[in-house]
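Summary of the model geometry
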Amino acid sequence: MSQLLKVTDLCKSFAGQGVVKSVSFDVNESTTLGIVGESGSGKTSLVRSILRAIDPDSGSVRYNSREGWQNLNELSAKALLPLRREIQMIFQDPFASLNPRMTVQAILEEPLIIHGLGDKSWRKQRVAEILEKVQLDASSASRFPHAFSGGQRQRVGIARALILEPRLVVCDESVSALDVSVQAQILDLLASLQSELGLTYLFVAHDLRVVREFCDDVLVMYAGSIVEQGPVAEIFENPQHDYTRLLLSAIPSPDPDEKLEPLDREGLLLE
Amino acid sequence: MNDSLLSIEDLIVEFKTELGSVKALKEVSFDVPYSSITAVVGESGSGKSVTSNAIMRLLPDSAQTSGEIILRPQGREPIAINSLDERDPQMQELRGGLVSMVFQEPMTALSPVHRIGDQVAEAVLCHRKVSQEAALAEAAAMLEQVGLTEVESKMRMYPFEFSGGMRQRVIIAMALICNPQLLICDEPTTALDVTIQAEILVLIKSLQRKLNNSVLFITHDLGVVAQIADRVVVMYDGQVMETGSVRQVLKSPQHPYTLHLLSSMPGIKIVEELQTSSEGWAEGAPMGSGTVLGDAGGGRQVREFSK
Amino acid sequence: MSELRELSPSRLAWLRFRRHRLAILAACFLVVLYTLAAFCEFISPYTPEQRNVRAINAPPMDIRFVDAQGQFHFRPFVYDLKLTINPDTWMREYEEDSSTPYPLRFFAKGVPYELWGLVPAERHLFSVDPRGPGYIHWFGTDSLGRDMFSRVLYGARVSLSIGIVGVGLTLFLGILLGGFAGYLGGIVDSVVQRITEVLQSIPTLPLWMALSAALPTAWSPITTYFGVTLILSLFGWTTLARQVRGRFLAMREEDFVVAARLLGANDSRVIFRHMLPSFSSHIITTATLAVPAMMLGETALSFLGIGLRAPVVSWGVLLQQAQNYQVIVMTPWLLLPGAFIVVTVIAFNLLGDGLRDAADPYSSLSEK
């Protein structure tokens, strides 16, 4: 298995406050890396720095593109443009992430237009293909986002991310705003797309139950630093760090016989 | 003879719009027994929040309701909440006195320009004639009960100096300070981190045991239900699918929708034969099942469905 | 509800707008008023400068269908006015003379004019035969015997158009500068912000007065018109610029805008495809609410005699005649342009309110 992404010593601070503190990790191709942490842990800033939606202060984000290794952090906006085809993002809020004034056709076609791909009829066909891939009706293309339910909108968001045939997809809390049954469907969809297209996911989430089910590896963040990382089975079965243990003990089990214990935050001193 | 604190009987709520009316609740009936925690669980659009707002009479004017909501406070005459006049003095007594509510968003429920102590004391002064000092003393005692430390100094602080979990504790203190017989919690932990959620759940449960009141807990998370509730009401599309004790409903679900909810939970593997019967409950699936809520024995009710 | 889902956002906005009966009413009123103003040469029976020496300070005349004998006529008519001098007060008093009716003629030839200053024509919507002794002054006449109805209509053209042209200029400046400030941020933002602060801190009326007084009196009416419009909008853009800037700042962080940037869209695509359309409805609303302010500014300047000047006719210029108490008591119909200003301003505000509610893409249709 080849490496796709290599993040080294990535730092980002806002107003002198470090939100991402010297974070390093690797991601292998066609795997899913879960990034978990509570609010303020820096997980969103981390992935947005990788995407260059915000500019990190220091460190390198090396990406194994179709043209070889490149440090995303050093590229100009112009040099980054071809790489945008390979790295895409699925947002959290399926309401806010789609332009309410554009039809689904226009939303899905936009990435193709930006990158100058194909002519009008080809784009139309491509949109139809991708809609089928995310299991939406072909007639959806002429509708506006408000005509869809939350789960359907998220499918449109996924279609927009996938239409450029990316290799790395960042899912920023992409299922946490959805109802639990819809969430299960979207996770199924993401999993089947991964095996079909060989996608690599960076999966940001606060729900450890979802991460446990969906991810191969996991990275636990606290206050801007990684406190523990490793394969999901390893971390969930045998957590080494106090904070990971605390997080795991806080998951409410759907079995009424497994009661939550009052949490023990003592001894959890992190810098 | 019904001996529950709150009984909802055949509650129908309909919203009038320009393009016809939308039924948010279709004959919802369930009870909240004395000194227990009843959880109402459902996905968005199931009508769980409409139910709690109907109990507090917080529905907009466009809503038309029918059916009964009866509160039987201990040591008092029963109150038919649904037929109370808006100007009836019992209304003021009801809201915040006999019944109080904790909302989802701990950021907006507190006034940003008043000190924590004053806000909690204000809740006392609204319902009882006591001196400012007595109210502040009560507020301090209550804040200690919800697990705040160094209460004296915290009472002089402002909400922005508090974390989300601490704010939610303050809101719970405000809701409980007049010793309500029914506490309604509408997704009180949804906006919180999982560790804070665990602490708040433990807190609500221990306070309920201590104060011996009843809690109606609204949530979409079956994990939370399992941890907090004594009884469960499963709602879908404005109707009750199944009610029963938390063990009955979660350990041996009878209605396919309950099963569908359970099997959708990440990390839950359901036996295959059960799994197949839960299919078809995808997003927006029509009811397609029976209309009668049948008694399944042991205080348990299940809506009829076609197999 | 399901049919709602199939509609486009603009169609939904129209549905929401339609619920505001007052806004619809206001919109209809404004459409009628603007049409009247656009064709004022044709609609009015006289030109604004034409004097009728037989009717000085004449009161509004009634247009009648039933004569003194109680007989109904299909063709409306007016009675001649008989002038008497009150022997006690020495004032002119007009009395209807029911023995001489003047029938109205429609689409008949009357005083020649040039439509929009271009097309020579002589037909009027209604008139009284100019070859005879009759006349019609529906809104009365002023102290020089000029027809008030014609003057109000000609004034409407100037006053109403100054609102639109002025707001157009304001919008251009506001969106350009506010947009630059909001999107580029940094130094550009600071500079634009400081300029708006300085402009907003200057009391407007004295500044308008100073600038208007500086307009050369030798300028032609049309140049003065644009001069005044420019002065008005030069100080009006600051509020709009601030709003546009705020919107830009907020929208830069919206998920769908971030999404477009992550797809590799360049600045102009992000601005013109995603940001501007998203608050175009907001801009239309703001503009609608800004038109009355513009009109009132023009009226104020003209009323004070430093804006537009005769022979240009605007509602403000017309109101100059009504500056003293005597006029209000003796010839109250000279205040009619004021009534038009009030009603028009209210109509614009009602329309703006309706548009504002309709513009919110997520406001539900089920409320109320």
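Owing to the predicted nature of the structure, the values given are computational and were not obtained by experimental measurement.

Calculation notes
In every chain, residue numbers begin from 1 and rise along the written sequence. Each chain gets a letter, beginning with A, and each ligand a number, beginning with 1, in the order they are written. A pLDDT threshold of at least 70 governs which residues receive local features in this predicted model, and a stricter bar of 80 or more applies before side-chain atom pairs are shown or counted, although totals over entire chains, interfaces and linings include all residues. Processing note: side-chain calculations cover all non-hydrogen atoms of the structure and skip hydrogens and water entirely. Helical segments are the DSSP runs of H or I of at least four residues, strand segments are the runs of E of at least two, and each set is numbered from the N terminus. Only protein chains enter the accessibility calculation, which uses a 1.4 Å probe; a residue whose area is less than 20% of its type maximum is buried, one above 50% is exposed, and one in between is partly exposed. Whether two residues are in contact is decided by their heavy atoms, any of which lying within 4.5 Å being enough. In these tables, accessible area is a Shrake-Rupley quantity obtained with a 1.4 Å probe, and a residue counts as shielded only by the protein chains included in the view. Charge counting follows a simple rule: Lys and Arg are positive, Asp and Glu are negative, and His as well as the terminal groups are ignored. Every charge is mapped onto a representative atom, which is NZ of Lys, CZ of Arg, CG of Asp or CD of Glu. In the analysis that follows, any N or O atom pair within 3.5 Å is treated as a polar contact, provided that within protein one partner can donate a hydrogen and the other can accept it, and provided that, for residues neighboring in sequence, both atoms belong to side chains. Here the buried area means the combined drop in accessible surface, using a 1.4 Å probe, for two parts upon being joined, counting both sides. Any Lys or Arg side-chain nitrogen found within 4 Å of a carboxyl oxygen on Asp or Glu counts as a salt bridge. Asp, Glu, Lys and Arg are counted as charged, while Ala, Val, Leu, Ile, Met, Phe, Trp, Tyr, Cys and Pro are counted as nonpolar; the rest, among them Gly, fall into the polar class. Marked domain ranges trace back to an automatic or database domain assignment. Angles shown run from 0 to 180 degrees and are taken between the N-to-C directions of axes, each axis being a line fitted to C-alpha atoms and, for helices, limited to the stretch in contact. An angle below 35 degrees is treated as roughly parallel, one above 145 as roughly antiparallel, one from 65 to 115 as roughly perpendicular, and anything else as oblique. Definitions for this section: a left-handed crossing has its near helix turned counterclockwise from the far helix by less than a right angle. A right-handed crossing has that turn clockwise.

1. Side note on the overall build of chain C
Looking only at helices and strands, one finds twelve helices and five strands in chain C. Principal-axis analysis of the C-alpha atoms gives chain C an extent of 85 × 55 × 40 Å. Taking all 368 residues of chain C together, 46% fall into the buried category. Sequence-distant contacts, at least 24 apart, represent 68% of the contacts inside chain C between residues at least 6 apart. Summed over its atoms, the accessible surface of chain C is roughly 18,300 Å², and 66% of this surface lies on carbon and sulfur atoms. Across chain C, the 30 positively charged side chains and the 28 negatively charged ones have centroids separated by 5 Å.

2. Here we look at the overall build of chain A
When its secondary structure is counted, chain A shows nine helices and ten strands. Once the C-alpha set of chain A is aligned to its principal axes, its extents read approximately 65 × 45 × 40 Å. When each of the 271 residues of chain A is scored for burial, the buried share is 58%. When contacts within chain A are restricted to residue pairs at least 6 apart in sequence, those whose partners lie at least 24 apart make up 65%. As presented, chain A carries roughly 11,100 Å² of accessible surface, and 47% of it is formed by carbon and sulfur atoms.

3. Notes on the side chain of serine 44 of chain C
Residues and elements named next belong to chain C. Within the secondary structure, serine 44 sits in the loop between helix H3 (40-43) and strand E1 (64-66). At a separation of 2.7 Å, a polar atom in the side chain of serine 44 contacts the main-chain carbonyl oxygen of cysteine 40. Side-chain polar atoms of serine 44 contact the backbone oxygen of tyrosine 46, separated by 3.3 Å. Apart from the residues within four sequence positions on either side, serine 44 is in contact with His124, Phe149, Ser150, Leu153 and Tyr154.

4. Notes on the interface of chain C and chain A
Facing 26 residues of chain C, the contacting portion of chain A comprises 31 residues. Of the roughly 2,400 Å² buried between chain C and chain A on both sides combined, carbon and sulfur atoms contribute 57%. One can count one salt bridge joining chain C with chain A. Linking arginine 269 of chain C and glutamate 110 of chain A is a salt bridge whose minimum nitrogen-to-oxygen distance equals 2.9 Å. Taken together, chain C and chain A are joined by six residue pairs in polar contact (both at pLDDT 80 or more). Of all the secondary-structure elements, those providing two or more residues to the side of chain C that touches chain A are helix H1 (9-18), helix H8 (255-262) and helix H9 (267-303) of chain C. Examining the composition of the side of chain C that touches chain A, we find that seven residues originate from one element, H8 of chain C, more than from any other. Partitioning the side of chain C that touches chain A into residue classes produces 15 nonpolar, five polar and six charged.

5. A closer look at the domain arrangement of chain C
All names here are of chain C. Partitioning chain C into structural domains gives domain 1 (2-38 + 152-359) and domain 2 (53-146). Look at where the C-alpha atoms of domain 1 and domain 2 centre, and you get two points 38 Å apart. Contact with domain 1, which involves ten residues of that partner, is made by eleven residues of domain 2. Overall, the association of domain 1 and domain 2 removes approximately 790 Å² of surface from exposure, summing both partners, and the carbon and sulfur fraction of that is 67%. Its largest share of buried area at the contact with domain 2, domain 1 owes to Gln321, Met330 and Trp333, together 51% of the area lost on that side. Our count for the contact surface shared by domain 1 and domain 2 stands at zero salt bridges.

6. A word on the packing of helix H3 (residues 104-114) of chain A against helix H4 (residues 120-133) of chain A
Angle between the axes and distance between the axes are the two parameters that describe a pair of packed helices. Residues and elements named next belong to chain A. Across the interface, H3 lies against H4 with an axial gap of 10 Å and an inter-helix angle of 115 degrees. In terms of orientation, H3 lies roughly perpendicular with respect to H4. Considering the relative orientation of H3 and H4, their crossing is right-handed. Residue-level contacts link Val104, Gln105, Leu108, Glu109, Leu112 and Ile113 of H3 to Trp122, Arg123, Lys124, Arg126, Val127, Ile130 and Leu131 of H4. Among the residues making up the contact of H3 with H4, the classes are represented as eight nonpolar, one polar and four charged.

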